[in-house]
Amino acid sequence: MSERETEEREQEEERGSTEGHEQDSDGDTGEYEHHGETRDHGGDDGDAIEFIDVKKSFGANTILNGLSLGIPENQISMILGPSGTGKSVCINHMVGLLYPDEGDVLVHGESVPQMADDELFAMRKKFGVLFQDGALFGSMNVFDNVAFPLRQHTDKGEDEVGDIVNKRLKEVGLAAAGTRMPNELSGGMRKRAGFARALVLDPDIVLFDEPDSGLDPVRTALLCELIMEIHEENGGAYVVITHDIMSARRVAEYIAILWKGKIVESGPADELFNSANQFVRQFLAGEAQGPLGME
Ligand SMILES: Nc1ncnc2c1ncn2[C@@H]1O[C@H](COP(=O)(O)OP(=O)(O)O)[C@@H](O)[C@H]1O
Ligand SMILES: [Mg+2]
């Protein structure tokens, strides 16, 4: 990708949201079936991350209600679900920012809730995370933002740090933007800077929380392309969380659909797009008719 977005002026779109919908307290599954205990994701490399019957409530609000899911190694996986279903809550469980009330979360086969602080710290270095809006430090320029994890977590000298940062900035099309401050960047550029920062420690697993939110369709398509290019180049397990079906069609190799605290269905993308499950069909087609209603 080049500097094609450098001159853009972007209208940040208000994100359409039905955030905060109520969860059925009895875990009623309605007309469709939840499953997810057994997975056949077609990869030979095992799972990078596993959720085993995870339950998580905040007060009376049950968010995850027996969620089981495997995230395959070396593929781009997408967790799809309507806003407010607990997708970000899932991400927070993967990196040990939240712990399950019941069940377990494994990263490369190791239980995250059972890790001691130093193990958790080491485990987090496996992850690169692109939070919504890039989550850049507003007081640092782009170069320093991207250099931050290297300066924090490694004892590399400034020459090496500079080489790595410049390589990553170039990869995401921000080679000339190193001295700019976050508030001088468009939304798309901020996300790309966040992406560069997520990659500098050569993570085994990269998490993207709604990378497409607030971007217009063209910027979303460009970002999807970039995610695929960089995955191709670097490998690893990529987990993209989104409610955007178009993004899923573009980049997902593996898809899991989250609804009412469980995975309704998960599998290779082509299977999900041909699912017989009414809910999955409705959600992936973006249709108004079906089991998914306004709640
Ligand atoms: N730390 C928290 N404390 C209380 N409620 C939370 C917390 N984190 C998330 N929630 C609630 O969990 C639900 C799912 O949130 P979230 O995972 O952010 O949804 P999304 O699928 O849009 O990412 C929301 O109703 C949210 O209010
Ligand atoms: Mg979220």
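All of these numbers come straight from a predicted model, not from anything done at the bench.

Visitor: Hey, could you go over the environment of Ile 49 for me, with residue numbers and the actual values?
Guide: Relative to the helices and strands, Ile 49 resides in strand E1 (residues 47-58). For the pair formed by Ile 49 and Ile 71, sequence separation is 22 residues and the distance between their alpha carbons is 5.1 Å. Setting aside residues no more than four positions away along its own chain, Ile 49 makes contact with Ile 71, Met 94, Leu 106, Val 107 and Ile 205.

Visitor: Before we move on, can you summarise the pairing of strand E3 (residues 76-80) with the specific residues and values?
Guide: Burial within E3 is extensive, with 5 of its 5 residues counted as buried. Of the two faces of E3, the one lined by Ile 76, Met 78 and Leu 80 and the one lined by Ser 77 and Ile 79 are each fully buried. Examined bridge by bridge, E3 and strand E8 (residues 237-242) share 5 bridges and lie parallel to one another. By the bridge assignment, Ile 76 is partnered in E8 with Tyr 238.

Visitor: So what's going on with the site of ligand 1? Residues and values would help.
Guide: Taken together, 11 residues form the shell around ligand 1, and within it Phe 58, Gly 86, Lys 87, Ser 88 and Val 89 come nearest. In terms of residue count, the dominant contributor to the shell around ligand 1 is helix H1 (residues 87-94) (3 residues). The residue inventory of the shell around ligand 1, partitioned by class, reads 3 nonpolar, 7 polar and 1 charged.

Visitor: How would you explain H1 if you had to name every residue and give the values?
Guide: Considered for burial, the residues of H1 that qualify are Cys 90, Ile 91, His 93 and Met 94. Down the axis of H1, the buried side of the element spans an arc of 160 degrees, and every buried residue falls inside it. Buried residues in H1 make contact with E1, E3, strand E4 (102-107), strand E7 (205-209) and E8. Just downstream of H1, Gly 96 is the residue with a positive phi angle, here 70 degrees.

What counts, and at which threshold
- Counting restarts for each chain: residues are numbered from 1 in the order of the written sequence.
- Chains carry letters from A onward and ligands carry numbers from 1 onward, assigned in written order.
- Totals for whole chains, interfaces and linings use all residues, but because this is a predicted model, local features are given only for residues with pLDDT of at least 70 and pairs of side-chain atoms are given and counted only at 80 or more.
- By the criteria applied, helices consist of DSSP H or I runs no shorter than four residues and strands consist of E runs no shorter than two, each listed in order from the N terminus.
- Whether two residues are in contact is decided by their C-beta atoms, placed from the backbone, lying within 7 Å.
- Exposure classes come from backbone-placed C-beta atoms, where a residue is buried if 20 or more other C-beta atoms lie within 10 Å of its own, exposed if 12 or fewer do, and partly exposed in between.
- A pair of strands is treated as paired once DSSP finds two or more bridges between them.
- We call a residue near a molecule or strand when its C-beta atom, built from the backbone, sits within 6 Å of it.
- Basically, the charged four are Asp, Glu, Lys and Arg, the nonpolar ten are Ala, Val, Leu, Ile, Met, Phe, Trp, Tyr, Cys and Pro, and anything else, Gly included, counts as polar.
- Here the arc refers to the set of directions running from the helix axis out to each C-beta atom.

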